[in-house]
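A closer look at the structure
Residues per chain are reported as follows:
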Amino acid sequence: MRKKKISVLYYLNPKNVSAAIEQYGYTYHIRNTIFIYIFVAFLSVAGGFIFKLGAAEICIVAVCAMAMLPKAVVNSYKNMYEQKRFSDVNMYMEQVLYSFKKTPKIITALQDAANIIPEDSPMRQTVEAAARYILHDYSEENSMDEGLKIIEENYKCQRIKDVHALMLKTEKIGGDYESSIKILLSGRAVWETETCKFQKECKNRQRMVNIALALVCTVCLFTPLMITKFAPEVNITTSKIYKAGTVIMILISMRTYMKADSMASVNWLRNESDMTDEEQIGLYRKVKYYDFGREKRKSLLMAVIPAVFGMLSAVLKWTYPAAASFLLLLLTVNQHKIGYKLAKRRCGEEITRVFPQWLMEISLLLQISENVNAAVANSVAEAPAILKESLEEMQREIMENPESNRPYMNFLKEFDIPEIQSAMGMLYSISSGRGGDAELQIDEILSKNAALLWQSEKTANENRLAALYWQFLFPSILGGGKLLVDMTLVTVAFMSMNLY
């Protein structure tokens with residue numbers, strides 16, 4: 001479920017600031033927000049005086065700052081909230097797995113975990129609620145499933161679901177579970193280490209953005225002041241263009257600061273897609289059944305307009321419009337290829353993200369029964385939406401030719417993801433009985449699954465850090481634009497003086 005977009009002016013109301021912070025379990029008095037507004041107004045006046053702005057420009061900066069900067073206060077509380085949730089989930093998973101390894105009973109594992117978690121932690125209250133539901137609610141046929149869902153709903157983390165899936169299958173069906181617990185514990189440790197590294201890197205990148213913004217504002221202030229000092233007759237600070245450019249620079253700087261702050265304030269438990277099941281299926285089918293012929297015809301039709309305009313520009317000797325038309329023509333003629341590549345890349349990223357979830361499910365099913373065909377069939381119902389069609393196709397191929405390796409090798413082969421092909425090769429070896437010790441192969445699949453989960457987490461972190469890096473580069477573009485405007489004003493002023 002996607003969150004509603006908050007209005008730009010939402011945080012001008014002190015009550016909204018307090019309400020936003022209370023969502024994270026903290027109390028924040030309205031008077032604190034009012035104090036922030038007063039402080040922001042003071043800074044706006046001081047900044048307006050330094051940059052030689054008028055009253056109107058100062059008011060614009062002050063109102064925009066009051067609307068944006070309280071979000072930074074909200075983000076600081078959000079950071080504490082998300083950090084606490086991350087720590088609680090780590091503690092819960094570690095304790096519940098060790099307890100279940102010792103005594104394979106869900107209720108015992110939950111009670112042991114609750115005793116370890118601090119009393120004031122929301123996680124403890126959630127775990128205790130799940131334990132009470134399992135112990136005392138007999139109206140539900142699957143009370144253990146429903147009880148564990150209480151935790152899953154409050155802490156939307158795929159790793160918790162994997163832990164619960166293992167415990168449920170072990171308690172209901174049995175099977176060798178120690179290897180799976182070992183892999184889950186190892187994966188949890190890697191996840192904790194990588195996430196902590198990512199948190200530090202986020203703070204470093206955010207600090208770099210803030211330093212870059214401070215330098216840009218300093219340089220943009222220093223230039224007109226130096227010119228005025230050495231050439232008093234040239235004063236661009238009275239120009240409306242200078243004032244408008246300065247206000248825009250300040251507002252964009254504040255927006256960049258807030259954007260970087262929001263990017264660094266993330267849900268550390270996230271491994272959920274921002275796509276719905278319907279969107280995942282639609283994306284997969286777009287790539288799987290892409291009609292190049294039809295899309296090429298669309299591209300040619302779209303290319304008619306830039307082609308005609310380009311020829312007309314060439315006849316009239318309009319050099320720049322002709323060049324622009326040529327570039328647009330190249331883009332429109334190849335838009336079907338570009339569209340396919342982008343869709344395939346997005347689909348591949350989504351498949352890489354969800355495949356480890358399915359592989360974990362298969363691994364757990366194989367520890368109950370070494371029948372790969374049955375495990376694949378049983379996994380389809382709970383499989384991620386983007387994988388279901390391919391799994392159903394593979395299942396049909398296995399039924400038609402159970403001895404062949406083609407169903408396994410054909411699985412998602414159009415995306416050419418080596419890790420998936422390797423995992424499917426292992427499954428075929430287990431299915432055919434040609435790979436030696438099946439138990440060792442299952443352990444290898446679990447190890448590969450842990451590596452895939454780590455790689456998925458690392459890729460998501462790198463993408464977010466790349467976005468933060470662009471926020472670091474943006475101030476230099478902003479500063480360059482502002483300096484260009486200022487130097488243009490200086491040049492015009494000098495030329496005007498020379499004319500007289």
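So, a few notes on the structure that sits alongside this text. For clarity, every value in this text was computed on a predicted model and none was experimentally measured. (Residues numbered from 1 in each chain as written. Predicted model: local features only at pLDDT ≥ 70, side-chain atom pairs only at ≥ 80, totals over all residues. Heavy atoms only, no water.)

1. Comments concerning helix α1 (residues 14-22)
Taken as a whole, α1 has its buried residues at Pro14, Asn16, Val17, Ser18, Ala20 and Ile21. Summarising the contacts, the buried residues of α1 are in contact with α2 (30-50) and α4 (70-102). N-cap assignment for α1: the residue whose side-chain oxygen lies 3.0 Å from the backbone N of Lys15 is Asn13. (Buried < 20%, exposed > 50% of the residue type's maximum accessible area, 1.4 Å probe, protein only. Helix = DSSP H or I, 4+ residues; strand = E, 2+ residues; numbered from the N terminus. Contact = heavy atoms within 4.5 Å. Polar contact = N/O pair within 3.5 Å; in protein donor to acceptor, adjacent residues only side chain to side chain.)

2. Digging into the nonpolar core
Within the largest apolar cluster, 49 residues are counted, with the highest numbers of intra-cluster contacts made by Tyr92, Val96, Ile106 and Leu110. By residue number, the principal contributor to this core is helix α9 (residues 178-230), which donates eight residues. Contact partners of Ile106, with chain neighbours within four places excluded, come to Phe100, Ile134, Met144, Leu148, Met167, Leu168 and Glu171. By size, the runner-up hydrophobic cluster in this structure holds 40 residues, among which are Leu283, Val380, Ala383 and Ile430. (Core = buried A, V, L, I, M, F, W, Y, C linked by side-chain atoms within 4.5 Å.)

3. A look at the packing of aromatic side chains
When we look at a pair of aromatic rings, we describe it by the centre distance and by the angle of the planes. If you walk through the whole model with that rule in mind, you get 14 aromatic pairs. A ring pair is formed by Tyr10 and Tyr11, whose centres lie 5.1 Å apart and whose planes are at 85 degrees; its orientation type is edge-to-face. Owing to a relative accessible area of 30%, Tyr10 belongs among the partly exposed residues under this scheme. Looking at Tyr11, the relative accessible area reads 6%, which means it is buried. With a centroid separation of 5.1 Å and 50 degrees between ring planes, the pair formed by Tyr24 and Tyr81 is classed as tilted. One end of the pair, Tyr24, is in the loop between α1 and α2; the other, Tyr81, is in helix α4, and 57 residues separate them in sequence. Given the relative accessible area of 18%, Tyr24 is considered buried. (Phe/Tyr/Trp six-rings, centres within 6.5 Å; stacked < 30°, edge-to-face > 60°.)

4. Let's talk about the pattern of salt bridges
This model, assessed by the stated rule, comprises 15 salt bridges. Among the ionic pairs, Glu192 bridges to Arg188, the shortest N-O distance being 3.1 Å. With Glu192 and Arg188 both in helix α9 and four residues apart, this pair spans about one turn of that helix. Look at Glu192 and you get partly exposed, because its relative accessible area is 31%. Residues participating in the shared-partner salt-bridge network are Glu94, Arg188 and Glu192. (Salt bridge = Lys/Arg side-chain N within 4 Å of Asp/Glu carboxyl O.)

5. With respect to helix α11 (residues 277-288)
Given a rise of 1.5 Å per residue, 12 residues ought to cover 16 Å, and the 16 Å separating the end C-alpha atoms of α11 matches this to within 8%. Listed as buried for α11 are Gln280, Leu283, Tyr284 and Val287. Within α11, the buried residues cover an arc of 95 degrees as seen down the axis, which keeps them to one side. (Expected span 1.5 Å × (residues − 1). Arc of directions from axis to C-beta.)

6. Re the environment of Ser143
By the secondary structure assignment, Ser143 is in helix α7 (residues 143-154). In this structure Ser143 touches Tyr133, Ile134 and Asp137, once residues within four positions along its chain are discounted.

7. Observations concerning the environment of Asp112
Examined against the element boundaries, Asp112 turns out to sit in helix α5 (residues 106-116). C-alpha of Asp112 to C-alpha of Leu215: the two residues are 103 residues apart in sequence and 53 Å apart in space. Setting aside its immediate chain neighbours within four residues, Asp112 contacts Gln95 and Ser99. A polar atom in the side chain of Asp112 sits 2.6 Å from the side chain of Ser99.

8. Comments concerning unusual backbone geometry
The backbone of Lys52 shows a phi angle near 60 degrees, a positive value even though the residue is not glycine. Along the polypeptide, Lys52 turns up in the loop between α2 and α3 (55-68). For Lys52, a relative accessible area of 41% corresponds to the partly exposed category. A positive phi angle, close to 55 degrees, is found at Leu412, a residue other than glycine. Among the residues examined, Leu412 registers a relative accessible area of 2% and is labelled buried.

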